[in-house]
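Summary of structural features
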Amino acid sequence: MSEQYTDEFLKKVLTQSKRVAVVGVSMNPVRPSYYVARYLSLKGFKVVPVNPGHAGETLFGSTVMGSLRDIEGQIDMVDIFRRSDHVPPIVDEALDCFPNLKTIWMQIGVEHPQAAEKARARGVDVIMNRCPKIEYQRLYGELRMGGFATGVISSKL
């Protein structure tokens with residue numbers, strides 16, 4: 001069963017997160033990790049893409065990092081686009097690299113209660129099985145009740 005998060009909590013997380021590392025981002029524009037990272041960057045988040053297979057390439061004006069350890073400076077949120085069984089080492093690396101980390105966000109279908117508890121024990125907020133793009137759109141009025149954007153429905157990215 002998925003955890004429940006209040007809208008107030010989700011808004012707090014989205015408001016306090018300025019620099020976001022997206023772990024498992026794809027260079028393929030039809031993959032969810034690509035368009036979620038793109039959306040966040042268009043909404044003013046500083047997105048740091050992380051994918052060892054594309055390290056050194058450029059995505060949304062940022063250099064793709066091979067790992068969280070390669071990132072210079074502080075990260076507010078780590079958004080994980082990896083299978084649940086890959087979460088623990090990512091959380092460990094995030095906690096090691098970013099002493100002021102505010103949030104670990106696991107995408108839809110990604111949950112790891114033990115890793116979440118470890119992060120929470122360090123004072124880090126954790127969200128599992130949710131998407132920051134969907135939550136941002138829902139909380140800030142970009143989705144109507146039907147779940148569609150308020151404009152024209154299109155298959156264009």
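This one's a predicted model, so the numbers in the text were calculated from it and none came from an experiment.

Rules used in this analysis
Residues numbered from 1 in each chain as written. Predicted model: local features only at pLDDT ≥ 70, side-chain atom pairs only at ≥ 80, totals over all residues. Heavy atoms only, no water. Pairing = 2+ DSSP bridges. Helix = DSSP H or I, 4+ residues; strand = E, 2+ residues; numbered from the N terminus. Axes fitted to C-alpha atoms, helices over the stretch in contact; angles between N-to-C directions. Contact = heavy atoms within 4.5 Å. Buried < 20%, exposed > 50% of the residue type's maximum accessible area, 1.4 Å probe, protein only. Parallel < 35°, antiparallel > 145°, perpendicular 65-115°, else oblique. Nonpolar A, V, L, I, M, F, W, Y, C, P; charged D, E, K, R; others polar. Salt bridge = Lys/Arg side-chain N within 4 Å of Asp/Glu carboxyl O. Right-handed = clockwise from strand over helix to strand, strands pointing away. Phe/Tyr/Trp six-rings, centres within 6.5 Å; stacked < 30°, edge-to-face > 60°. Lys NZ or Arg CZ within 6 Å of the ring centre and 35° of its normal.

**Looking at the sheet that holds strand β1 (residues 19-23)**
Strand order in this open sheet of five strands is β2-β1-β5-β6-β7, and the pairing throughout is parallel. If you trace the sheet from one side to the other, it starts and ends with β2 (46-50) and β7 (125-127), each paired once. Strand-to-strand twist across the sheet, computed as the mean angle between neighbouring axes with direction ignored, equals 15 degrees. With five bridges connecting them, β1 and β2 associate as parallel partners. Residue pairing across strands places Arg19 opposite Lys46, the latter belonging to β2. Along the sheet, helix α2 (residues 32-42) contacts β1, β2 and β5 (77-80); its crossing angle with β2, the most-contacted strand, is approximately 155 degrees.

**Examining the environment of Lys102**
Within the secondary structure, Lys102 sits in the loop between α3 (87-97) and β6 (103-106). Remark: the alpha-carbon pair of Lys102 and Asp76, spanning 26 residues in sequence, is separated by 5.2 Å. Setting aside residues no more than four positions away along its own chain, Lys102 makes contact with Gln16, Asp76, Val124 and Asp125.

**Details of α2**
Three or more residues of α2 are buried, namely Ser33, Tyr34, Val36, Ala37, Tyr39 and Leu40. Of the surrounding elements, those touching the buried residues of α2 are β1, β2, β3 (58-59), β5 and α5 (132-139). Looking one or two places after α2, you find Gly44, whose phi comes out positive at around 100 degrees.

**Comments concerning the packing of α2 against α5**
Their axes nearest at 9 Å, the elements α2 and α5 cross at an angle of 45 degrees. Comparing the axis directions of α2 and α5 gives the class oblique. Contacts between α2 and α5 involve Tyr35, Val36, Tyr39 and Leu40 on the former and, on the latter, Pro132, Lys133, Tyr136 and Gln137. Residue composition of the contact of α2 with α5, grouped by class: six nonpolar, one polar and one charged.

**With respect to the pattern of salt bridges**
On inspection of all chains with the given rule, the structure shows nine salt bridges. For Asp85, the salt bridge goes to Arg83, with nearest N and O atoms at 3.1 Å. The exposure class assigned to Asp85 is partly exposed, which follows from its relative accessible area of 49%. On the basis of relative accessible area, Arg83 is assigned to the exposed category, the value being 53%. The shortest N-O distance in the salt bridge between Glu135 and Arg130 comes to 3.3 Å. Like Glu135, the residue Arg130 is buried in the burial classification. Here the salt bridges do not stand alone but share partners, grouping Asp7, Arg130, Glu135 and Arg138 into one network.

**Thoughts on the pairing of β2**
β2 sits mainly inside the fold: four of its five residues count as buried. Chirality of the crossover, the property in question, places the unit of β1, α2 and β2 among those that are right-handed.

**Let's talk about the packing of aromatic side chains**
All chains considered together, the criterion is met by five aromatic pairs. Ring plane angle 55 degrees and centroid distance 5.0 Å describe the contact between Tyr34 and Phe60, whose orientation is recorded as tilted. Of this pair, Tyr34 sits in helix α2 while Phe60 sits in the loop between β3 and β4 (62-63), placing them 26 residues apart in sequence. Note on Phe45 and Tyr136: the rings are 6.1 Å apart at their centroids and 75 degrees apart in plane angle, and the pair reads as edge-to-face. Here the residue Phe45 occupies a position in the loop between α2 and β2, and Tyr136 occupies one in helix α5, the gap between them amounting to 91 residues. Overall, Phe45 belongs to the buried group, its relative accessible area being 8%. On the accessibility criterion, Tyr136 (16% relative accessible area) is buried. An aromatic cluster of at least three residues, connected via ring pairs, comprises Tyr39, Phe45, Tyr136 and Tyr140. In this structure, Lys11 is placed above the aromatic ring of Tyr140, and the distance from its NZ or CZ to the ring centre is 5.4 Å. Residue placement shows Lys133 over the ring face of Tyr39; its charged tip is 5.3 Å from the ring centre.

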